[in-house]
Each structure stands twice: as structure tokens, then as C-alpha cells.
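So the chains spell out like this:
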Amino acid sequence: MTDIRYWLWLQQCLGEGVQFKHILEDFGSVEELYHSNIMQWRMSPALTPKQLDRLAKYSLEDTKKTVAVCQQNGWQLIGFDDARYPEKLRQIVNPPAVLYCEGRLIDFDATAVIAIVGTRKASPYAVKVAQLMAKGVSLCGAAVVSGGALGVDAAAHRGAMAAGAKTYAVLGCGLGTDYLRANLELRESIVKNGGALITEYPPYTQATRNTFPLRNRLISALSDGVLVVEAGVKSGSTITAQHALEQGKDVFAVPASLLDYNFYGTNKLIDDGATVATSPLVLVERYAAQYATLDLSKAKTLRELAETPDSANAEKKEQLTFDEVPKERKQRLINEEKAMALTGDEKSVYQALTAELCGIEEIIQKCGLPAHKAAAALTLLELKGLCESASGKRYKAK
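Here goes a summary of the coordinates provided. All figures in this text were calculated on a predicted structure; none of them were measured in a lab. (Residues numbered from 1 in each chain as written. Predicted model: local features only at pLDDT ≥ 70, side-chain atom pairs only at ≥ 80, totals over all residues. Heavy atoms only, no water.)

## Description of the overall build of the protein chain
Counting its secondary structure elements, the protein chain contains 20 helices and 12 strands. Compactness check: the protein chain gives a C-alpha radius of gyration of 23 Å against a globular reference of 21 Å for 398 residues, within 12% of the reference. Along the first, second and third principal axes, the C-alpha atoms of the protein chain reach 70 × 55 × 35 Å. Going through the 398 residues of the protein chain one by one, you find that 50% of them count as buried. Expressed as a percentage of contacts within the protein chain between residues at least 6 apart in sequence, the contacts between residues at least 24 apart total 70%. Accessible surface, the protein chain: about 19000 Å² in total, of which carbon and sulfur atoms supply 52%. Put simply, the protein chain has 46 plus and 46 minus side-chain charges, and the middle of one group is 5 Å from the middle of the other. (Helix = DSSP H or I, 4+ residues; strand = E, 2+ residues; numbered from the N terminus. Rg over C-alpha atoms; globule rule 2.2 N^0.38 Å. Buried < 20%, exposed > 50% of the residue type's maximum accessible area, 1.4 Å probe, protein only. Contact = heavy atoms within 4.5 Å. Areas by Shrake-Rupley, 256 points an atom, 1.4 Å probe, with all protein chains shown as cover. Lys, Arg positive; Asp, Glu negative; His and termini not counted. Charge placed at Lys NZ, Arg CZ, Asp CG, Glu CD.)

Right, here's the structure in full:
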């Protein structure tokens, strides 16, 4: 196995998502590439002028900080030729030179893996379906991979953990970033429950509009099949599905309401040949002969999964149907307009709220207001329908 510093150097020189296999084939190995001189680099047809400049700019010394940060935080560094590096990922045209991991990886090559993705602005219907599908495939012995975002991603991760299984989030940013604080508790739960956070971005790399589309190829690459639950025609989830097709993976889709044009992406995937997913069994049965870890006798229908103790109460409270999806989405858009119009103390308190219940002391600390002003603002936010309260003076954004 090559010293990880060489792979870090290569990643630093070339960046994420760049094809480097042909470069290594030309030089023999990443070590030989590093120790070649500038004339040898220039003679190679595999290197561009820009890449030549960057190869000369960096050295192994420049990787020390990254190695130290990962060691201090207990984050794993996994180079391209490391035995822990998934072969599924190694086979794509532009695999990462390095993976950064918080938590524990499974053997992705010996496990059936289902990716479950969809919109962040998910309807209650999509959230429930994603959660139950993830729970169902996990009970059968498959691993669930998603992107760790709000909406469908979060529901998929929680569904897997509800089955007592490990789940894996592939991030579009570096470990240690403050992106999506609303899902911080979820990411911590993923690691605590034996799963892992995985990324190709160096520690503290901030998320941008470009990091997520690039990340999506890794979600599909690690998986045997990709399930799209709810998505627009042009969305990150459909990009993931496209990557899956290019990588020879299976694509599944949950049918959406024919009247909801904002999220017609899943229906278009079905029109284009994606398999209609009506149960967890549909997602895993074709992999039974390939993976000994799958047990199809444990497969349950969505109704059976919904009636289990951990989800029965939620199901009784709210019957999630197609008819309710447009209504709920309309209300959400109204709430978003109200939120944009907030000013002063109400705006400060609203920005401190998350999708999960948190105590008033934490909210006060986040918004920096005196207790009486924060309490008054919370009351006004409740009256406007932008906040929900629970026992123990806990609040969350609505």
C-alpha cells in the first residue's frame, strides 16, 4: 500500500472528480509520478499544461497539515490502493484519489447497497416512503447509502437506523464543516450507530453548488441500485440516477402524483425505463444470488413496516396520500414567504430554529437575545405558523 501522502499530493494537484487512471498507467504508480522530473512530465501526453504547473507547485510537505488534522479528529484517510477502498468505487472512470471517513466502513463489495435519494423539500408522503423503504431493505441485510441532507436523505438514514442497521452518508463537503447544522444530530447518530460519513473533499472544505453534483457519482458508485423517491426533472437526484445508468447500476423510482409537476422527475425516470419501486423486496430481490448477506425471508410490505411500533403512531396521526402532497407543499411555500418577511428578533430566533426540537436555552444561545425577547419572538412565530412547541419548552421550525 502506498504512503497516503502521495495520494493526498495527487488529489491536491488534480482536484476532485478528475480522471487520473491514465496518468498513473503512463508513469506506473503515483510514487513514480511524484519522483519524475519536469521533463518526464512534459513528455507525457496524459498531463495537461495546467496539471503540469500544479504538479510542480505542491510536494509531500503540503500534505502534513491534512494528515495531522485527520489524526487529531480520528478521521480515516483511505488511499486509492488501500485494501479498505471499495472496488465498486475504484471501477468508475473518475474515482477519488483519497476518501476521508468518520466512522466505520463496511465491505461495500460484499454487501448489497441501495442508495435512496430525493428532494430536500420532500412531502410527508416522500419522507414516509423513503423511511419505510430504507427500513425494509435494511431488515433484509442491505446497506443504505444517501447524501446526509434534509428531506428524503435524512428519512432514508433514519429508516435504516430504525431497523437497527448501519447507514452511510456521502457528503458534498469536507468533514468538520458547519454545513446543514439542522442535520448535525443525524450525522452524529450515523457514526454513533456504527455507520460512517464519507467524502472525497479535504477536511473543512465548504459546500458549493458544484460539490454536490460531483458527489452524486460516488453515491451511485457505492451502490448496486439507486432509488429516487421524489425529485424534479432537473435535480441532484436525477443526476445521481444518470450516474447510476452510466456506471451500469439499476435505477428504481417511486411513482409521484401525475398532477404534481414540480416533482415529475421520478415519473420521467419510470417513462425512461426505471423500475417501479412498490416495496423493499423489489429493491433487493435481484441481488439475492450475488450477496449471501441478503435474507429475503425478512422482507416486509410497506404496510407491514408502517404498522410496526416505531411508526404506527405517526401513521395514525397523518394519513399520507397523493391528495395531501400538493396541499402540504402549498402550505410550505406560504411559510417560506412568511419567513422571508421576518425582521428583528423574530428573524434572529427563526434562524436559530432547526427541523428537530431543541430546548429554549439552546435557542437563546444561538440567537444571542435576552430570554424574555426570545420567548416573545417564539410566541409570535407560533402565531404565524412558523414554529411548533412541545413539552419541556422545546421548539422547532415548521
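## What to know about the pairing of strand 5 (residues 167–170)
A two-sided burial pattern is seen for strand 5, the buried positions comprising Thr167 and Ala169 on one face and Tyr168 and Val170 on the other. The pairing of strand 4 (residues 143–146) with strand 5 spans 3 bridges and is parallel. Bridging across to strand 5, Ser146 finds its partner in Ala169. When strand 5 meets strand 6 (residues 196–199), the two strands line up parallel, connected through 3 bridges. Looking at the pairing, Ala169 lines up with Leu197 of strand 6. (Pairing = 2+ DSSP bridges.)

## Some points on the sheet that holds strand 8 (residues 250–253)
Here we have 9 strands laid out as an open sheet, ordered 1-2-6-5-4-3-7-8-9, and mixed in their pairing. Either end of the sheet is taken by a strand with one partner, and the two such strands are strand 1 (76–79) and strand 9 (275–276).

## Overview of the pairing of strand 12 (residues 394–397)
Note that strand 10 (residues 358–359) and strand 12 share 2 bridges and pair antiparallel. Paired with Cys358 across the bridge in strand 12 is Tyr395.

## A word on the packing of aromatic side chains
Inspection of the entire model under this criterion finds 8 aromatic pairs. Centre to centre, the rings of Phe80 and Tyr85 are 5.3 Å apart; their planes meet at 70 degrees, and the pair counts as edge-to-face. Residues Phe108 and Tyr168 carry aromatic rings whose centres are separated by 5.4 Å and whose planes lie at 70 degrees to one another, so their mutual orientation is edge-to-face. Taken together, the positions of Phe108 in the loop between strand 2 (98–103) and strand 3 (113–117) and Tyr168 in strand 5 put the pair 60 residues apart, joining distant regions of the chain. Exposure remark for Tyr168: the relative accessible area of 1% places this residue in the buried category. By way of ring pairs, the aromatic residues Trp7, Phe20, Phe80 and Tyr85 are connected into one cluster. Looking at Arg90, its charged tip hangs above the ring of Phe80, at a distance of 5.5 Å from the centre. The positively charged end of Arg120 is found above the aromatic ring belonging to Phe212, 5.0 Å away from the centroid. (Phe/Tyr/Trp six-rings, centres within 6.5 Å; stacked < 30°, edge-to-face > 60°. Lys NZ or Arg CZ within 6 Å of the ring centre and 35° of its normal.)

## Section: the pattern of salt bridges
A complete count under the given rule lists 10 salt bridges for this structure. Among the salt bridges present, the one from Arg90 reaches Glu87, with a minimum N-O distance of 2.6 Å. In this pair, Arg90 and Glu87 are both assigned in helix 7 (residues 87–90), 3 residues apart and thus about one turn of the helix distant. The class for Glu87 is partly exposed, based on a relative accessible area of 31%. In this structure, the salt-bridge partner of Arg286 is Asp250, at a minimum N-O distance of 3.3 Å. Highlighted residues: Arg286 in the loop between helix 14 (280–284) and helix 15 (302–306) and Asp250 in strand 8, separated in sequence by 36 residues. For Arg286, a relative accessible area of 42% translates into the label partly exposed. For Asp250, a relative accessible area of 23% gives the class partly exposed. (Salt bridge = Lys/Arg side-chain N within 4 Å of Asp/Glu carboxyl O.)

## Some thoughts on the packing of helix 18 (residues 344–352) against helix 20 (residues 371–383)
Contact geometry for helix 18 and helix 20: axes closest at 9 Å, N-to-C directions at 85 degrees. Here helix 18 is positioned roughly perpendicular relative to helix 20, judged by the angle of their axes. Residue-level inspection shows Asp345, Glu346, Val349 and Tyr350 of helix 18 in contact with helix 20, the latter providing Lys373, Ala374, Ala377, Leu378, Leu380 and Leu381. Split into classes, the residues belonging to the contact of helix 18 with helix 20 amount to 7 nonpolar, no polar and 3 charged. (Axes fitted to C-alpha atoms, helices over the stretch in contact; angles between N-to-C directions. Parallel < 35°, antiparallel > 145°, perpendicular 65-115°, else oblique. Nonpolar A, V, L, I, M, F, W, Y, C, P; charged D, E, K, R; others polar.)

## With respect to the side chain of Ser44
Looking at where Ser44 falls in the secondary structure, it is placed in the loop between helix 4 (38–43) and helix 5 (49–57). There is a polar contact of 3.2 Å between the side chain of Ser44 and the backbone nitrogen of Ala46. Sequence-distant contacts of Ser44, that is, excluding residues within four places in its chain, are made with Asp26 and Phe27. (Polar contact = N/O pair within 3.5 Å; in protein donor to acceptor, adjacent residues only side chain to side chain.)

## Examining unusual backbone geometry
In this structure, Tyr204 takes a positive phi of about 70 degrees despite not being glycine. Structurally, Tyr204 is set in the loop between strand 6 and helix 11 (211–222). Given the relative accessible area of 42%, Tyr204 is considered partly exposed.

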